[in-house]
Amino acid sequence: MTFIEKWLRSDIKNINAYHVPESKNLLKLDAMESPFGVPSDLKEEFLEYIDKAEVNRYPDAASTQLKDTLRDLMDIPEEYKVLLGNGSDELIQLLALACNEDDLIMSFEPSFVMYEMVSKYAHLRYQGIQLDSNFDINLRKSIEAIKNKNPKLIFIAYPNNPTGNAFDYDAIIEIIKTSDALVVLDEAYYAYSDRSFLSEISNFSNLVVLRTISKIGFAGLRLGLLIGSEETINQLNKLRLPYNINVLTQASANFLLQDKERIVKNAEVLIEERQRLFEELSLFTQLKVFPSQTNFLLVRCENADSLHSALITNGILVKGFSPDSALSNFIRISISEPIENNALLEAVKEYYGE
Ligand SMILES: *Cc1c(COP(=O)(O)O)cnc(C)c1O
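Residues numbered from 1 in each chain as written. Predicted model: local features only at pLDDT ≥ 70, side-chain atom pairs only at ≥ 80, totals over all residues. Heavy atoms only, no water.

Considering the pattern of salt bridges
Under the criterion given, the structure shown has 11 salt bridges. Where Asp89 meets Arg222, a salt bridge forms, and the shortest distance between an N and an O atom there is 3.9 Å. With Asp89 in helix α4 (residues 88-97) and Arg222 in the loop between β7 (207-212) and β8 (224-228), the pair connects residues that are 133 residues apart, well separated along the chain. Overall, Arg222 belongs to the partly exposed group, its relative accessible area being 31%. Residue Lys349 is joined to Glu346 by a salt bridge in which the shortest nitrogen-to-oxygen separation is 3.8 Å. You can see Lys349 and its partner Glu346 sitting in helix α12 (residues 338-351), three residues apart, about one turn around the helix. Judged by relative accessible area, Lys349 falls into the partly exposed class, the value being 30%. Since its relative accessible area comes to 48%, Glu346 is described here as partly exposed. What emerges from the salt-bridge pattern is a single network uniting Lys28, Asp30 and Glu33. (Salt bridge = Lys/Arg side-chain N within 4 Å of Asp/Glu carboxyl O. Helix = DSSP H or I, 4+ residues; strand = E, 2+ residues; numbered from the N terminus. Buried < 20%, exposed > 50% of the residue type's maximum accessible area, 1.4 Å probe, protein only.)

Examining the sheet that holds strand β11 (residues 316-320)
With mixed pairing, five strands are arranged side by side in an open sheet as β1-β11-β12-β10-β9. Strands at the two margins of the open sheet, each flanked by one partner only, are β1 (27-29) and β9 (287-289). Across the sheet, the axes of successive neighbouring strands diverge by a mean angle of 35 degrees, strand direction being ignored. Pairing between β9 and strand β10 (residues 296-301): three bridges, direction antiparallel. Counterpart to Lys288 in the pairing with β10 is Arg300. Lying on the sheet, helix α10 (residues 260-282) is in contact with β9, β10 and β12 (330-334); it crosses β10 at an angle near 10 degrees. Running over the sheet, helix α11 (residues 304-313) touches β9, β10, β11 and β12 and is turned about 155 degrees from β11. (Pairing = 2+ DSSP bridges. Axes fitted to C-alpha atoms, helices over the stretch in contact; angles between N-to-C directions. Contact = heavy atoms within 4.5 Å.)

Listed below in structure tokens is the structure:
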């Protein structure tokens, strides 16, 4: 046995590291990144703004200005408090840190893999409740499972990744009402979705809402936010590392997130493209495209693995799922701007010989 094998917490040896596929020279349609970067008409002003950031100083520990910017961008009511994370992934981890040793974290399956991964990192138990065949919540089964297992935390991605749909609103309300868990509504795709639970925070003391700027054009900045009551956020904030949002992220986000109009417009473009791509892909009898309230589409196909590889050969990277996954015959495609979506459509056409 090597030193590290002897030394390491035994369960860590069995964890598979989060896999990020090679994407060099490929059109990236695998990770829900936005195609829209810093607008060219703002580039100079942006650089001047960033230039003022003092990298020799620690950042503002409270990120005061950035929180105000986010409140404006996302219409966060004044009565709620905000906790920032280095991506919402860090906030998922922070929530796990708040749990006791034997606590259970629950979510739905299939959903965002990070809930289970973070549970493992924090040495907590995890259990996923199976979604039904339309990827919706089976309320009776879910309530029963939650009552039996008594989780400490329940993560609900709304809309859900990787399925793209938004679960039934009233079913979620029922879960919040009947559970003693802290329920985390993960609204990473809020910009592409019809509804939000933000306004419900004042109705339920066990509800917090998680958001990120990753899916609205700023994945590289690594910035997520947890929104909750003042009391809840004050307690959770004790677990945050003091300077977790760095100087360059604070400056960049402060500048770029002011441009609400453009951010909203970009989301509208992607929502329109989502509809177009949904219709175009649905024309292939070999494909079953699922309704989406996100900036991606989940597609079922025979030989998903072969289509996935063929797309890579054509320079396009979409998300495939491992052969032992329940989604092994699915691919997930990020929605991009028209020219990139057309490239995808062409490649799919070529694959099916049309
Ligand atoms: C992408 C995604 C996240 C991760 O967001 P980061 O802020 O980039 O860490 C969180 N939750 C869901 C459901 C996601 O799809």
